[in-house]
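So the chains spell out like this:
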Amino acid sequence: MKKTIISLAAVLFTLQAGAQGTPDATMNPLITSMPSLSIAPDARAAGLGDQGVSTEADFNSQYWNPAKYAYMYTKGGITANYTPWLRKLVSDIDLAYLAGFYNFGDLGGGIGASFTYFSMGDVALTDGDGNTLQNVRPNEWALDVSYFRKLHEYVSMSVAVRVLYSDLNNGYNSSIGGGTEMRPAVTAAADVALYYRQPIDLPMGTSHFALGFTLKNLGGKMTYDRVTSNFIPASMNIGASYELPCDKYNFLTFSLEANKMLVPSRKSRFTEGFDPKDESTWQMSQDAYSALNPAKGWFQSFADAPGGAREEFNEVRWGAGIEYSYNKQFFARAGYSYENFYKGNRNYLTFGAGFHLSIVTLDVSYCVGLAASNPLDQTMRFTLGFDLYGIKDLVNNRKK
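The secondary structure content of the protein amounts to seven helices and 16 strands. Sequence separation of at least 24 residues holds for 62% of the intrachain contacts in the protein that already meet a minimum separation of 6. Approximately 17900 Å² of the protein is accessible, and the part contributed by carbon and sulfur atoms is 61%.

Let's shift gears to the confidence of the model for the protein. Here the protein averages 86 in pLDDT, while 86% of its residues score no lower than 70. Contacts from residues 1–25, a stretch scored under 50 in pLDDT, to residues over four places away or in other chains number 49 contacts.

Attention now goes to the pattern of salt bridges. Taken as a whole and assessed by the stated rule, the structure comprises 15 salt bridges. Here Asp 191 ties to Arg 162 by a salt bridge, and the two come within 2.7 Å at their closest N and O atoms. Here Asp 191, found in strand S8 (residues 185–202), pairs with Arg 162, found in strand S7 (residues 155–167); they are 29 residues apart in sequence, far enough to count as distant. Taking relative accessible area as the criterion, Arg 162 reaches 6% and is therefore assigned buried. A salt bridge links Asp 363 to Arg 333; its shortest N-O distance comes to 3.0 Å. On the criterion of sequence distance, the pair formed by Asp 363 in strand S15 (residues 360–369) and Arg 333 in strand S13 (residues 330–338) is long-range, its members being 30 residues apart. A relative accessible area of 7% places Asp 363 in the buried class. When salt bridges with common partners are traced through the structure, they connect Arg 44, Asp 58, Glu 323, Arg 333 and Asp 363 into a single cluster.

Let us look at unusual backbone geometry. If you check the backbone angles, Met 34 has positive phi at about 45° while not being a glycine. A positive phi angle, close to 60°, is found at Asp 50, a residue other than glycine. Along the chain, Asp 50 turns up in the loop between helix H2 (43–47) and helix H3 (61–64).

Glancing now at the pairing of strand S14 (residues 348–357). Across the two faces of S14 the burial differs, with Tyr 348, Thr 350, Gly 352, Gly 354 and His 356 buried and Leu 349, Phe 351, Ala 353, Phe 355 and Leu 357 not buried at all. As paired strands, S13 and S14 are joined by eight bridges and run antiparallel to one another. In the strand pairing of S14, Phe 331 is matched with Gly 354. Two elements, S14 and S15, share ten bridges in a ladder whose sense is antiparallel. The residue of S15 that forms the bridge with Ala 353 is Val 364. Hairpin remark: S14 followed by S15, antiparallel, with two residues in the connecting loop; positive phi at Ser 358, about 55°.

On to the side chain of Asp 377, then. Along the chain, Asp 377 turns up in the loop between S15 and strand S16 (380–387). The exposure class of Asp 377 is buried, given its relative accessible area of 16%. Within polar-contact distance, the side chain of Asp 377 engages the backbone nitrogen of Gly 369 at 3.0 Å.

Topologically, Ser 36 is positioned in the loop between helix H1 (2–14) and H2. For Ser 36, a relative accessible area of 4% gives the class buried. In contact with Ser 36, other than residues within four places in its own chain, are Phe 118 and Glu 140.

Turning next to the environment of Ala 303. Relative to the helices and strands, Ala 303 is located in the loop between helix H5 (294–300) and helix H6 (309–314). The class for Ala 303 is partly exposed, based on a relative accessible area of 43%. Measuring from C-alpha to C-alpha, the distance between Ala 303 and Arg 269 comes to 7.9 Å, with 34 residues separating the pair along the chain.

All right, on to the nonpolar core then. Generally speaking, soluble globular proteins have nonpolar side chains that are buried together. The biggest cluster of nonpolar side chains holds 21 residues, and the ones touching the most others in it are Trp 85, Phe 118, Leu 164, Met 222 and Leu 376. Core analysis: the second largest hydrophobic core is formed by 13 residues, Ala 40, Ala 45, Trp 64 and Met 72 among them.

Per the counting criterion, the structure on display carries 16 aromatic pairs. Pairing Tyr 69 with Phe 148 gives two aromatic rings, centres 5.5 Å apart and planes at 45°, and the pair type is tilted. With a gap of 79 residues between them, Tyr 69 in the loop between H3 and strand S1 (76–84) and Phe 148 in strand S6 (residues 139–152) connect regions that are remote in the sequence. The same class applies to Tyr 69 and to Phe 148, which are both buried. Look at Phe 330 and Phe 355: their rings are 5.4 Å apart centre to centre, the planes differ by 50°, and that puts the pair in the tilted class. Of this pair, Phe 330 sits in strand S13 while Phe 355 is found in strand S14, placing the two residues 25 residues apart along the sequence. Residue Phe 330 is classed as partly exposed on the basis of its relative accessible area, which comes to 40%.

The rules we used
- Residues numbered from 1 in each chain as written.
- Predicted model: local features only at pLDDT ≥ 70, side-chain atom pairs only at ≥ 80, totals over all residues.
- Heavy atoms only, no water.
- Helix = DSSP H or I, 4+ residues; strand = E, 2+ residues; numbered from the N terminus.
- Contact = heavy atoms within 4.5 Å.
- Areas by Shrake-Rupley, 256 points an atom, 1.4 Å probe, with all protein chains shown as cover.
- pLDDT = per-residue confidence, 0-100.
- Salt bridge = Lys/Arg side-chain N within 4 Å of Asp/Glu carboxyl O.
- Buried < 20%, exposed > 50% of the residue type's maximum accessible area, 1.4 Å probe, protein only.
- Pairing = 2+ DSSP bridges.
- Polar contact = N/O pair within 3.5 Å; in protein donor to acceptor, adjacent residues only side chain to side chain.
- Core = buried A, V, L, I, M, F, W, Y, C linked by side-chain atoms within 4.5 Å.
- Phe/Tyr/Trp six-rings, centres within 6.5 Å; stacked < 30°, edge-to-face > 60°.

Here's what the structure looks like:
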């Protein structure tokens, strides 16, 4: 039962029909605990190809790069996001994301926070004979807090701490069919982020060039049985964006981002007895993988792929996007997300639209899968944000 539920969570995230007919020996995706942490939670970033490390600050910067909050146009805001996940496969898997921030202004810096909740729907637990024992609703959640501040007129930095909780059997911890007892997994992680944004004067207005860098989910491993353990989706993200004013009211923003998972591969060059010519020697045992120190695994992830440097490069996931805005009120977006065929093949086009007026921001995005029968196809996301200081000003004006 334990292996069935864990495999279900992994498959729901990595399943790609584009791998049809491909021998298993050539596939080497990076499987982690809590894959929901890698799902883009907000509609704006999703509309830009699932990337937001270097784009202009918004209410959901807590997920992508909290250092961006230092350049927000308001001192405080909150946002709610909802994603009906993998609707082509099931109807009851959902991701909800809440975020907010407050900038202290003259006191220096500010704080951000977010809460992620991922429900995997209804799952029937069975014994070794296939008899249903109980229906449960597996779920995962993460709670984090960040501190950000400007280091320079054009540079900001942030640090964040996060608590992670994953319950794949909804608290039903009894041993089933003589197997190992399952329990919820808990761990902690931290993020470090940098953001650089510089204005550039042009004849048609002021443009902005930005760079972003984050190290995300650097923390402990997760175990559901107190015996085996797996890495959480730690990653290194680097991005660049350029906002170009066409005239006083029309703007175009181009952005590009690279994501490298800091997760060691189970098919590894560091497997005992590894022979580059014999694929049967590539698979690291579960015991050896579980014993791998998290920090060692982060560094090992840069050089452990059996295919060498070429395969390591294939582990980089790319996102690119373009955003058009009119008067910073109406937005149209398009993007592309690319992942190598042998690392998961999550390739899709994304589209989005947004509306910002006074105190309210509304965004929506839509995903078009490029692989045949891609389960991510037709995925939609919805975002609703509120400018808290805009609300405060509106209330004060009404009182006058």
